[in-house]
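Here is how the chains run, residue by residue.
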Amino acid sequence: MDMIDIDGSQGGGQLLRSALTLSLCTGIGFNIRDIRARRRRPGLMRQHLTAVNAAARVGNACTHGAEIGATTLRFEPGPVCAGEYQFATGSAGSATLVLQTVLPALWQAGAPSRLRLEGGTHNPLAPSADFIADSYLPALAKMGVQATLQLQQYGFHPAGGGVLDVEVAPCTTLRTCDFNHRGALASVEAKVLMSGLSSGIGLRELQVLADRLGVDPDPRHVHSVRPALGPGNVALVHVRHAGHVEVFSGHGERGLSAEQVGARLAGQVRQYLEGAGCVGEHLSDQLLLPMALAGGGTFTTRVISDHLRSNARLIESFLPVAFDWQPHEGGWKVTVCG
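These numbers come from a predicted model, not from an experiment.

1. Observations regarding the sheet that holds strand β6 (residues 113-119)
Through backbone hydrogen bonds, the strands of a sheet pair up, either in parallel or in antiparallel fashion. The four strands lie next to each other as β5-β6-β8-β7, forming an open sheet whose pairing is mixed. Each end of this open sheet is capped by a strand with a single partner; those strands are β5 (84-88) and β7 (147-153). The mean inter-strand angle of the sheet, taken between neighbouring strand axes irrespective of direction, is 15°. Bridge count for β6 against strand β8 (residues 162-168) is seven bridges, and the pairing is antiparallel. Within β8, the residue paired with Glu118 across the bridge is Val163.

Here it is as structure tokens:
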């Protein structure tokens, strides 16, 4: 079996998850060392281990070193099998990141698959379930991927307990797509999720978003989650253009006022609206891998993040593609060349 050696210190958990995905899709194994070496707590955390085990199960893989705290891992993929799977982080670890790890392998399988994922659904530093359903999956749909997500139970940090159901159909050939123009602005909408906390906090966040973005401040946009498995507060803004949807989120935390949460989130949205790029910063690095599997495509974005750079270098080691980014209308145009 062909094997690739990866320096895990060049990225965080995303580098590992992308390596798992690429290994499943290409049949190439890998050895990774110094996993998350530059993080405050290096090595495999519970959510990373869940992604490793999920990939191993979907791809009938052999693993060596798959345990909490491990800084090295060997992954030898087998044949990917469609089916019904259930994966739980056992914590508030992000269920959406586990989904993104195995989804490309499953759409390459020869039959439909169903997934139940348990853990965090709205976590800081991870795509929210709303982002997956309303931005990520619609972008993949333009490339030919048929996948749906149903949120059964919200899960917030630190309690977790969220549940997502996902169905994915086979897609053996991806279409190349261009995400260069988002089209005319259709709407900017906000909602606030509250769990185990006063709805007044959400109303204050919503009012800041109304003042700064012109969204509807009606109290019906503050949703109290039942049952409340633990404290949680997430403000979400959907920016809908004729050709693209972006979802932004702001998370409440101890010591941060509702007004600060709203202001930070409004700042993210304004930055996107005032730029010319079609794709937001987070979606940009997540589109690299499916575009590489498709063998081409382009998108425009405001910034080239460190995540995008490290992800591009990793993908190039697994697939016969190259990435190019050039300045474009105050931002960047990224091209995937097969």
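2. Some thoughts on the packing of aromatic side chains
Summed over all chains, the structure comprises four aromatic pairs. Where Phe30 meets Phe75, the ring centres are 5.5 Å apart and the plane angle is 25°; that geometry is what we call stacked. Remark: Phe75 occurs in strand β4 (residues 73-76) and Phe30 occurs in strand β2 (residues 29-33); sequence separation between them is 45 residues. As far as burial versus exposure is concerned, Phe30 and Phe75 are alike and both buried. With centroids separated by 6.1 Å and ring planes inclined at 5°, the aromatic side chains of Tyr154 and Phe156 adopt a geometry described as stacked. We note that Tyr154, like Phe156, is buried.

Thresholds, definitions, all that
- Residues numbered from 1 in each chain as written.
- Predicted model: local features only at pLDDT ≥ 70, side-chain atom pairs only at ≥ 80, totals over all residues.
- Heavy atoms only, no water.
- Pairing = 2+ DSSP bridges.
- Helix = DSSP H or I, 4+ residues; strand = E, 2+ residues; numbered from the N terminus.
- Axes fitted to C-alpha atoms, helices over the stretch in contact; angles between N-to-C directions.
- Phe/Tyr/Trp six-rings, centres within 6.5 Å; stacked < 30°, edge-to-face > 60°.
- Buried < 20%, exposed > 50% of the residue type's maximum accessible area, 1.4 Å probe, protein only.

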